[in-house]
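Fold and geometry: a report
Residue-level listing of the chains:
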Amino acid sequence: MKVLSRIVRAVAIIAGFLLLFLGSFYNSLPLLFSGFAIFFIVFAVSFPRLVIEHRKVKKEEKLKIVKPNSSKTKVELEEHEHIEDVYTPEKVVVGDDDFQLDYIIDVEGQNLIINPELYNPFFEKKRTEFNTFYVVVKLNEKCPTVNISEEGEITASYKLDNYENEDFTDCIFYIKCAVTNDFGVVSMMLEGAVVDSIDDAHPVVFSYFDSIIYRFQIHYANQKNNEKAKQLADAIDGVELKDKALQYENHITPSNVRCVGICSNCKKSFVFLTKNYPMLNAIPVYSDDGIKTAELHDTIVNKNNWSITLGGITYRYYNSFCCKECGHPYIDYRKNHEMKAFGNLGCVHLKEKEIKVNSLSELANEESDILNFDLF
């Protein structure tokens, strides 16, 4: 495909030169205009690709492989494909040249091993600035689980639940880690893309709308020994997505991003999708068990008393969105009515159906799979 594209561009350039020559020779404005038009089209098509390739090359020049248990050994890559020469499924860390990742994070299988005490030197002069680096994890299951381990103990587990036709066995999970030390508490915001091979593990995959991306709930490290970290982790129980780092301020979450929340009660993770209901002039409402979602198109209702029942399932305006494993409120609207406001994103558990409520007296006859909606 690349060879064919280059041939087409070469032919177009030759044609452009020929038209310019003939236009000058015969003093023909149409020929001159046609020649310039061809050059403009070639430039418009080629320039964005050249910029992307240039940025990719510059980024790849910075990438390092850091072999755990050998902090002095680093293999510089001239080409991204050379990762295969030193890559091992069990342990590999990828990051920028100026960041000593062997002190920050290690990978064993599907476990991310961290030592919060060693973060401090990196944040002495940058207290609240996020430092971003990348980690590569080799997946070995259809629905794998990525763990965070501290001091030999697993402190957070994120299961990459997926659809029946998806199998992540032998895929690569390319994780973007944003880490900060905010007044003595180390927080980690993780977002990973599932790619087929190590050759596809590049930051640009996060900008592709067809990538499968998982966004993890924020993790506060060292909760066992740091009381403030424990308090911050407890404080996000039942609050909105933006406080859990699952929704970015002033940004619409793309439809290919799957959020992974962790229940503060049972400590199990669950995957859900977000939907921008305000753009549909709708409000999300949830069932009494907090598992199912309905799309309410009547935005002026009696909020305290509104409810509707279908097939034995009752939806109420202030019902909470709950953990699928134990039913604990993940976003607690019953307790915090002020969080329920027009403009909020809605949540739909992965593989769950969504009900469309068209009016107070009329209910859509068909259940709709969220995959059939434009989530933007």
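Residues numbered from 1 in each chain as written. Predicted model: local features only at pLDDT ≥ 70, side-chain atom pairs only at ≥ 80, totals over all residues. Heavy atoms only, no water.

1. Quick notes on the overall build of the protein chain
For clarity, the threshold we go by: Strands here mean DSSP runs of E at least two residues long; helices mean DSSP runs of H or I at least four residues long; both are numbered from the N terminus. Relative accessibility decides the category of a residue: with a 1.4 Å probe and only protein chains considered, values under 20% of the type maximum give buried, values over 50% give exposed, and everything between is partly exposed. Whether two residues are in contact is decided by their heavy atoms: any pair within 4.5 Å suffices. Calculation of accessible area relied on Shrake-Rupley with a 1.4 Å probe; when residues are assessed, cover is drawn exclusively from the protein chains displayed.
Counting its secondary structure elements, the protein chain contains five helices and 23 strands. With 376 residues in all, the protein chain has 47% of them scored as buried. In the protein chain, 62% of the contacts between residues at least 6 apart in sequence involve partners at least 24 apart. By element, 53% of the accessible surface of the protein chain is carried by carbon and sulfur atoms, the whole surface being about 20,000 Å².

2. Quick look at the pattern of salt bridges
Under the convention used in this document: A side-chain nitrogen of Lys or Arg and a carboxyl oxygen of Asp or Glu constitute a salt bridge if their distance falls within 4 Å.
Applying the stated criterion to the full structure yields 10 salt bridges. Between Lys-324 and Glu-352 there is a salt bridge whose closest N-O contact spans 3.3 Å. Highlighted residues: Lys-324 in the loop between β19 (321–322) and β20 (329–331) and Glu-352 in the loop between β21 (346–349) and β22 (353–357), separated in sequence by 28 residues. Using a relative accessible area of 36% as the deciding quantity, one classes Lys-324 as partly exposed. Classification of Glu-352 as buried rests on a relative accessible area of 15%. The network of salt bridges with shared partners includes Lys-275, Glu-295 and Glu-354.

3. With respect to the nonpolar core
The line we're drawing: Only buried Ala, Val, Leu, Ile, Met, Phe, Trp, Tyr and Cys residues count toward a nonpolar core, and they belong to the same one when joined by side-chain atoms within 4.5 Å.
Of all hydrophobic cores here, the largest spans 31 residues; its most connected members are Leu-112, Phe-173, Ile-175, Tyr-214 and Phe-216. Beyond its immediate chain neighbours, meaning those up to four positions away, Ile-175 contacts Leu-112, Phe-133, Tyr-134, Val-135, Val-137, Val-146, Leu-190, Glu-191 and Gly-192. Counting 14 residues, the second largest nonpolar core, distinct from the first, contains Leu-246, Phe-270, Phe-321 and Met-339.

4. Section: unusual backbone geometry
Despite not being glycine, Asp-170 shows a phi value in the positive range, around 70 degrees. The residue Asp-170 is located in the loop between β8 (153–159) and β9 (172–182) in this model. One non-glycine residue, Lys-267, adopts positive backbone phi at about 70 degrees. Summarising the element assignment, Lys-267 is placed in the loop between β13 (257–262) and β14 (269–275). Taking relative accessible area as the criterion, Lys-267 reaches 56% and is therefore assigned exposed.

5. Describing a nonpolar patch on the surface
Put simply, the test is: Candidate patch residues must exceed 30% relative accessible area and have no salt bridge, after which like charges are joined if within 9 Å and Val, Leu, Ile, Met, Phe, Trp or Tyr side chains if within 5 Å.
Taken together, Leu-18, Phe-21, Phe-25 and Tyr-26 make up a surface patch of nonpolar side chains, about 520 Å² in accessible area. Tracing the backbone through its elements, the reader meets Phe-25 in helix α1 (residues 2–26). On the accessibility criterion, Phe-25 (58% relative accessible area) is exposed.

6. Observations regarding the packing of aromatic side chains
Just so we agree on the cut-off: Geometry of aromatic contacts follows a simple scheme: Phe, Tyr and Trp rings, the Trp one being its six-membered ring, pair when their centres are within 6.5 Å, and the pair is stacked under 30 degrees between planes, edge-to-face over 60, tilted otherwise. Distance and angle both matter: a charge sits over a ring if NZ of Lys or CZ of Arg is within 6 Å of the ring centre and within 35 degrees of the ring normal.
One pass over the full model with this rule turns up 15 aromatic pairs. An angle of 35 degrees between the planes, with centres 6.0 Å apart, marks the rings of Tyr-174 and Phe-206 as tilted. Here Tyr-174 is found in strand β9, whereas its partner Phe-206 is found in the loop between β10 (185–195) and β11 (212–216), with 32 residues between them in sequence. Take Tyr-174 and Phe-206: they sit in the same class, and that class is buried. Summarising the aromatic geometry, the rings of Tyr-286 and Phe-321 are spaced 5.4 Å apart at their centres and angled 50 degrees between planes, so their arrangement reads as tilted. Of this pair, Tyr-286 sits in strand β15 (residues 283–287) while Phe-321 sits in strand β19, and the two are 35 residues apart along the sequence. Since its relative accessible area comes to 0%, Tyr-286 is described here as buried. The ring centre of Phe-206 lies 4.8 Å from the NZ or CZ of Lys-176, which sits over that ring.

7. Points about the pairing of strand β6 (residues 131–138)
Applicable threshold: One bridge is not enough; two strands pair if DSSP finds at least two bridges between them.
The buried count for β6 comes to six of eight residues, which makes it a mostly enclosed element. Across eight bridges, β6 lies against β9 in antiparallel orientation. Of the residues in β9, the one forming a bridge with Val-135 is Ile-175.

8. A look at the confidence of the model for the protein chain
Close inspection of predicted coordinates is inappropriate for parts of the model with low pLDDT. Going by this rule: Each residue carries a pLDDT value, the predictor's own confidence for that position, ranging from 0 to 100.
Put simply, the protein chain has an average pLDDT of 76, and 73% of its residues get 70 or more. With pLDDT under 50 throughout, residues 58–103 is counted as low confidence; its partners more than four residues away or in other chains account for 84 contacts. Confidence over residues 360–376 falls short of pLDDT 50; this stretch has 40 contacts with residues more than four positions distant or in other chains.

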